[in-house]
Amino acid sequence: MRTRFAPSPTGYLHLGHAYSAMLAHGRARAAGGAFLIRIEDTDRARCRPQFEAAIFEDLAWLGLDWDEVPLRQSDHPDRYRGALDRLIAMDLCYPCRCTRADIRAALAAPQEGVASGPAYPDTCRGRPMATQGPDDAIRLDMARALARLGPARPGFTETGPDHAGRHRIDPDRLIADPGDIVLARKDIGAGSYHLAVVVDDAEQRITEVVRGADLFAATFLHRLLQDLLGLPAPGYHHHRLIRDAAGKRLAKRDDARAIRRYRAEGATPADIRRMIGLT
Ligand code: GLU
């Protein structure tokens with residue numbers, strides 16, 4: 001059993017991260033498996049070295065130990081580029097020059113039907129890769145990608161509390177949401193989250209992905225990318241989310257919930273465990 005904790009250094013870890021890391025660590029240790037760290041920092045504009053340093057410090061303070069050298073995504077741009085090039089060679093990608101505002105405007109046009117329409121209007125779909133401009137993003141042509149799948153649609157096993165069981169890709173759902181996802185952007189290169197996460201779960205030989213329930217829906221997309229790239233399929237364990245008193249999901253900008261804030265106020269790691277219901 002090999003699992004991982006994969007934070008992005010865009011802020012201080014909060015109670016939700018503590019829960020995710022402690023749960024993954026506990027599951028790994030209970031199974032005599034490995035607990036790995038991955039720093040997901042391909043979005044350079046949002047990541048800061050001091051947040052990365054703080055991640056390791058907070059994890060150590062929580063009493064967690066990890067195996068192997070942590071993987072930092074910004075050290076391996078070629079790996080994601082290689083995966084992207086494979087998808088391009090399979091003729092599953094197209095360059096896209098639409099801005100967020102263009103997409104909003106197209107989706108708001110009455111004939112597009114916002115509620116049930118595709119996540120991306122087909123403005124650039126079908127453009128040959130040879131027409132890619134320096135500012136263009138690269139999108140996955142979801143319908144073409146799904147057409148490559150055989151009759152046995154790829155599936156995954158979920159062991160988390162909400163959706164335990166076996167799940168299979170549903171092509172109609174993936175076309176509606178998320179549709180033609182962005183695989184590379186001018187500013188983050190080929191390291192978009194969805195591409196980097198499947199490449200690195202394979203690279204780190206992860207057998208069980210432990211992460212928040214907010215990423216359950218993305219798992220269908222991840223299984224598709226794994227299948228297209230010939231990568232192994234791990235099992236998944238999506239855990240409940242830690243919410244604030246108002247029931248809102250915690251975000252890194254909620255500094256009030258930062259682990260180091262509680263630490264500064266004298267909390268112990270055992271107090272943190274109690275707060276997140278891991279006693
Ligand atoms: N880097 C993601 C985050 O901080 C986690 C991705 C994952 O666990 O797959 O939310």
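Note that the structure is predicted; figures quoted are calculated from it, not measured.

1. Looking at the site of the ligand
Here is step 1 of the chain: The ligand sits among Arg4, Ala6, Pro7, Ser8, Glu40, Tyr193, Val197, Arg211 and Leu215.
Here is step 2 of the chain: At 2.7 Å from a nitrogen atom of the ligand is found a main-chain nitrogen or oxygen belonging to Ala6.
Here is step 3 of the chain: In this structure, a nitrogen atom belonging to the ligand sits 3.2 Å away from a side-chain N or O atom of Ser8.
Here is step 4 of the chain: Starting from 300 Å² of accessible surface for the ligand in isolation, the protein chains cover 78%.

2. Here's the deal with the sheet that holds strand β5 (residues 137-140)
Here is step 1 of the chain: An order of β4-β5-β8 is seen for the three strands of this open sheet, with the pairing classed as antiparallel. Each edge of the open sheet carries a strand with a single partner, namely β4 (93-96) and β8 (182-184). Ignoring which end each strand starts from, the neighbouring axes of this sheet average 45 degrees apart.

3. Focus: the packing of helix α3 (residues 77-89) against helix α8 (residues 218-229)
Here is step 1 of the chain: Look at α3 against α8: their axes get within 10 Å of each other, and the N-to-C directions meet at 75 degrees. Judged by the inter-axis angle, α3 sits roughly perpendicular to α8. The segment α3 lies against α8, with Ala83, Arg86 and Leu87 engaging Leu225, Leu228 and Leu229.

4. Things to note about the pairing of strand β6 (residues 155-158)
Here is step 1 of the chain: Note: β6 against strand β7 (residues 165-168), four bridges, orientation antiparallel. The residue bridging Glu158 from the neighbouring strand is Gly165, located in β7.
Here is step 2 of the chain: Two successive antiparallel strands, β6 and β7, enclose a turn made up of six residues.

5. Details of the nonpolar core
Here is step 1 of the chain: Among the nonpolar cores identified, the biggest contains 36 residues, and Leu87, Leu140, Leu174, Leu183, Leu224 and Leu225 are the most heavily contacted of them.
Here is step 2 of the chain: The set of elements that each furnish at least two residues to this core consists of α3, β5, α5 (142-147), β8, α7 (193-203) and α8.
Here is step 3 of the chain: Broken down by element, this core gets its largest block of residues, six residues, from α8.
Here is step 4 of the chain: In this structure, Leu224 is in contact with Leu140, Met142, Ala145, Leu146, Leu149, Ile169 and Leu174, ignoring residues within four places of it in sequence.
Here is step 5 of the chain: Ala18, Ala24, Phe35 and Ile272 belong to the second-largest nonpolar core, a separate cluster that totals 26 residues.

6. Describing the confidence of the model for the chain
Here is step 1 of the chain: Across the chain, pLDDT averages 91, with 93% of residues at or above 70.
Here is step 2 of the chain: With pLDDT under 50 throughout, residues 110-117 is counted as low confidence; its partners more than four residues away or in other chains account for six contacts.

7. Digging into the pairing of strand β10 (residues 235-239)
Here is step 1 of the chain: The element β10 is extensively covered by neighbouring structure, given that four of its five residues are classed as buried.
Here is step 2 of the chain: As paired strands, strand β9 (residues 208-212) and β10 are joined by five bridges and run parallel to one another. Across the sheet, Val209 pairs through a bridge with Tyr236, a residue of β10.
Here is step 3 of the chain: Crossover handedness for the path β9 to α8 to β10: right-handed.

8. Here's the deal with α7
Here is step 1 of the chain: Most of α7 is tucked away: eight of the eleven residues are buried.
Here is step 2 of the chain: Within the sequence span of α7, burial applies to Leu195, Ala196, Val197, Val198, Val199, Asp200, Asp201 and Ala202.

9. What about α8?
Here is step 1 of the chain: Helix length check: α8, at twelve residues, gives a terminal C-alpha distance of 17 Å against a target of 16 Å (1.5 Å per residue), a fit within 8%.
Here is step 2 of the chain: Counting buried residues in α8 gives eleven out of twelve residues, a clear majority hidden from the surface.
Here is step 3 of the chain: Looking at α8, one finds that the buried residues are Ala218, Thr219, Phe220, Leu221, His222, Arg223, Leu224, Leu225, Gln226, Leu228 and Leu229.
Here is step 4 of the chain: Just downstream of α8, Gly230 is the residue with a positive phi angle, here 70 degrees.

10. Some points on the sheet that holds strand β1 (residues 2-5)
Here is step 1 of the chain: Within the open sheet, the three strands sit side by side as β1-β2-β3. Their pairing is parallel. Only two strands of the sheet have a single partner each, and these edge strands are β1 and β3 (71-72).
Here is step 2 of the chain: Note: strand β2 (residues 34-39) against β3, two bridges, orientation parallel. Paired with Ile39 across the bridge in β3 is Arg72.
Here is step 3 of the chain: Its contacts with the sheet put α7 on β1, β2 and β3, and the angle it makes with β2 is roughly 145 degrees.

Reading the values: rules and limits
- Residues numbered from 1 in each chain as written.
- Predicted model: local features only at pLDDT ≥ 70, side-chain atom pairs only at ≥ 80, totals over all residues.
- Heavy atoms only, no water.
- Near = heavy atom within 4 Å.
- Polar contact = N/O pair within 3.5 Å; in protein donor to acceptor, adjacent residues only side chain to side chain.
- Areas by Shrake-Rupley, 256 points an atom, 1.4 Å probe, with all protein chains shown as cover.
- Pairing = 2+ DSSP bridges.
- Helix = DSSP H or I, 4+ residues; strand = E, 2+ residues; numbered from the N terminus.
- Axes fitted to C-alpha atoms, helices over the stretch in contact; angles between N-to-C directions.
- Parallel < 35°, antiparallel > 145°, perpendicular 65-115°, else oblique.
- Contact = heavy atoms within 4.5 Å.
- Core = buried A, V, L, I, M, F, W, Y, C linked by side-chain atoms within 4.5 Å.
- Buried < 20%, exposed > 50% of the residue type's maximum accessible area, 1.4 Å probe, protein only.
- pLDDT = per-residue confidence, 0-100.
- Right-handed = clockwise from strand over helix to strand, strands pointing away.
- Expected span 1.5 Å × (residues − 1).

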